[in-house]
Amino acid sequence: MDIRCPISPQSTRFLDRLRNFIRLRGLAYKTEKTYVFWIKRFIRFHGRKHPESMGTAEVEAFLSHLVLQANVSVATQRVALNALIFLYREFLGTPLENLEYEAAKKPKRLPVVFSPDEARRVIDNLEGEFKLVAMLIYGAGLRINEALRLRVKDVDFGMQQLIVREGKGSKDRVTLLPDRLIQPLQDQIHAALMQHQADLAKGCGSVYMPAGLSKKYPNASQEPDWQYVFPALDLSIDPRSGIRRRHHMMDRTVQKHFKHAIRKAGIHKPAGSHTFRHSFATRLLESGYDLRTIQKLLGHSDVRTTEIYTHVVRKGGFGVRSPVDEAFQ
């Protein structure tokens, strides 16, 4: 569950203090978990020495180990580096100086993309909410958790747009609401609000609220606007508050249905939910939309991230027609 568990502000444990510091900075829970994971791995690598007794040399040794022994990718090594830079520069106040380490040199893989026919076949093998989630990812370029965390107020039918709250990097953005999904989303929201009314009758109708808003708007958690568009099938106990309530559908559950649909469609690619997002970007490029527009819709902070899709829009080797096609027409 993507809800932070409570930590006493008075705790003197190192990792508790680190987590509280991250939360005070307003970083996403996913970032918190990632940073803590890599910092714990760094500490264990050095025989559980306290980070305050280590510095640049130990960080260099750990980062080099990740490449030379653990064989990690460029992206993974960068995540570990970011976690350790945050630890020393922000939390401990002792910035790392002149880091020298073995950098990962694995080439960046091109994104896996569905053809329009493949995307349609996968979606046709899904049902109910799972089908609608797939169509949202493919139709609006969402990440899976961005789709699952949509609340009723984030679907703007009047402006025909979706508001993505706290996407990657804790940034908000706006993306399109496809014509084809207006009625299905209206039906889904109606069903979600009917479920909410039933939960209210049981005394379980409050929903998790983002940090600080539960205090600022104490009654908002029971308002229709704040309810999830894709509520979970069952009620569960919020580990932070101990309140029994309904969270949104879990991404791992949706991913299982996606994987099954991909196999059933007879597609033999390393594909998943993100393949729909990659396919969204690729289809827009093929339709002539500019990179800046696609960058904004995807929520990329750097257009260079979006540029990778230019490498997959060409038909077979950069659009070149093969001699064998010319010879055997």
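Residues numbered from 1 in each chain as written. Predicted model: local features only at pLDDT ≥ 70, side-chain atom pairs only at ≥ 80, totals over all residues. Heavy atoms only, no water.

1. Considerations on the overall build of the chain
Operational definition: In DSSP terms, a helix is any run of H or I states spanning at least four residues, a strand is any run of E spanning at least two, and both are numbered starting from the N terminus. Residue burial is assigned from relative accessible area. The probe radius is 1.4 Å, only protein chains are included, and a residue is buried under 20% of its type maximum, exposed over 50%, and partly exposed in between. Method for areas: the Shrake-Rupley scheme with a 1.4 Å probe, in which residue coverage is limited to the protein chains shown. Under this rule, positive means Lys or Arg and negative means Asp or Glu; His and the chain ends count for nothing. Note on charges: their place is set at NZ of Lys, CZ of Arg, CG of Asp or CD of Glu.
If you tally the helices and strands in the chain, you get 14 helices and five strands. Taken over the C-alpha atoms alone, the chain extends approximately 70 × 65 × 35 Å along its principal axes. For the chain, the proportion of its 329 residues judged to be buried stands at 44%. Element-wise, carbon and sulfur atoms account for 52% of the exposed surface of the chain, whose accessible area totals about 18,600 Å². Averaging the coordinates of the 52 positive side-chain charges in the chain and doing the same for the 34 negative ones gives two points 4 Å apart.

2. What to know about the environment of His190
Its location among the elements puts His190 in helix H8 (residues 182-201). For His190, a relative accessible area of 52% translates into the label exposed. For the pair formed by His190 and Val72, sequence separation is 118 residues and the distance between their alpha carbons is 45 Å.

3. A look at helix H6 (residues 128-140)
Given 3.6 residues per helical turn, the α-helix brings residues three or four places apart onto the same face. Quick note on the threshold: A helix is expected to reach a length of 1.5 Å times the quantity of its residues less one.
Over its 13 residues, H6 extends 18 Å from the first C-alpha to the last, a length consistent with the 18 Å expected when each residue adds 1.5 Å. Residues of H6 that are buried: Phe130, Leu132, Val133, Ala134, Met135, Leu136, Ile137, Tyr138 and Ala140. Following H6 by one or two positions, Gly141 adopts a phi angle in the positive range, close to 75 degrees.

4. Re the domain arrangement of the chain
A common way to report how large an interface is uses the accessible area buried once the components associate. Stated precisely, the cut-off is as follows: Domain start and stop positions are those given by an automatic or database domain assignment.
Along its sequence, the chain is carved into domain 1 (14-91) and domain 2 (109-319). For domain 1 versus domain 2, the separation of C-alpha centres amounts to 30 Å.

5. Structural notes on the pattern of salt bridges
Our working rule: Any Lys or Arg side-chain nitrogen located within 4 Å of an Asp or Glu carboxyl oxygen qualifies as a salt bridge.
By the definition in use, this model includes 16 salt bridges. Notably, a salt bridge pairs Arg23 with Glu32, separated by 2.9 Å at the nearest N-O pair. A relative accessible area of 22% means that Arg23 is categorised as partly exposed. Note that Lys153 and Asp154 form a salt bridge whose closest N and O atoms lie 3.3 Å from each other. Look at Lys153 and you get partly exposed, because its relative accessible area is 28%. Ionic contacts of the salt-bridge type, sharing partners, join the residues Arg19, Arg23 and Glu32 into one network.

6. Describing the UniProt feature "domain: Core-binding (CB)" (unreviewed entry) in the chain
Let me state the cut-off plainly: UniProt positions are given in the numbering used here, feature names are shortened, and annotations may be inferred rather than shown by experiment.
Under the feature "domain: Core-binding (CB)" (unreviewed entry), the UniProt entry names residues 9-92. Across residues 9-92 one finds 70% helix and 0% strand; the C-alpha atoms that close the span lie 17 Å apart.

7. Focus: the packing of H6 against helix H10 (residues 251-264)
Short version of the rule: Only the stretch in contact is used when a helix axis is fitted, and all axes are lines through C-alpha atoms; the angle between N-to-C directions ranges over 0 to 180 degrees. Any angle that falls under 35 degrees is termed roughly parallel, while one over 145 is termed roughly antiparallel, one within 65 to 115 roughly perpendicular, and all others oblique. Contacts: residue pairs with any heavy atoms within 4.5 Å of one another. By the convention adopted, Pro, Cys, Tyr, Trp, Phe, Met, Ile, Leu, Val and Ala count as nonpolar, Lys, Arg, Asp and Glu as charged, and the other residues, Gly among them, as polar.
For the pair H6 and H10, interaxial distance at closest approach is 10 Å and the crossing angle is 90 degrees. Taken together, the axes of H6 and H10 are roughly perpendicular relative to one another. Residues Phe130, Val133, Ala134 and Ile137 of H6 lie in contact with H10, whose contacting residues are Thr253, Val254, His257 and Phe258. Taken together, the residues of the contact of H6 with H10 sort by class into six nonpolar, two polar and no charged.

8. Topic: the packing of aromatic side chains
Convention followed: For Phe, Tyr and Trp, rings pair up if their centres lie within 6.5 Å, where Trp contributes its six-membered ring, and each pair is then called stacked (planes under 30 degrees apart), edge-to-face (over 60) or tilted (otherwise). Working rule: Lys NZ or Arg CZ, within 6 Å of ring centre, within 35 degrees of ring normal, means a charge sits over the ring.
Summed over all chains, the structure comprises twelve aromatic pairs. Note that Lys33 overlies the ring of Tyr29, its terminal NZ or CZ placed 4.9 Å from the centroid.

9. Brief notes about the side chain of His247
Worth spelling out the cut-off: Polar contact criterion, stated in full: a pair of N or O atoms within 3.5 Å, where within protein one must be able to donate a hydrogen and the other to accept it, and residues adjacent in sequence count only if both atoms are side-chain atoms.
For His247, the position within the fold is in the loop between strand S5 (244-245) and H10. Within the local environment of His247, its side chain forms a polar contact with the side chain of His248, the two groups lying 3.4 Å apart.

10. Observations concerning the sheet that holds strand S1 (residues 155-156)
As a reminder of what qualifies: Strand pairing follows a simple DSSP-based rule, namely that at least 2 bridges must link the two strands.
Strand order in the open sheet formed by three strands is S1-S2-S3, with antiparallel pairing between adjacent strands. Strands at the two margins of the open sheet, each flanked by one partner only, are S1 and strand S3 (173-176). Here strand S2 (residues 161-164) pairs with S3 via four bridges, running antiparallel. Note on S3: the bridge partner recorded for Val164 is Arg173.

11. Here's the deal with the side chain of Gln77
Relative to the helices and strands, Gln77 is located in helix H4 (residues 74-91). Ignoring anything within four residues of it in the chain, the contact list for Gln77 reads Leu63, Val67, Val72, Tyr101, Glu102, Ala103 and Ala104.

12. Some thoughts on unusual backbone geometry
Most peptide bonds are trans, and most residues other than glycine sit at a negative phi. At Asn71, a position not held by glycine, the phi torsion is positive, near 55 degrees. A positive phi is found at Gln160, a non-glycine position, where the angle reads about 50 degrees. Tracing the sequence through the fold places Gln160 in the loop between S1 and S2. A relative accessible area of 30% means that Gln160 is categorised as partly exposed.

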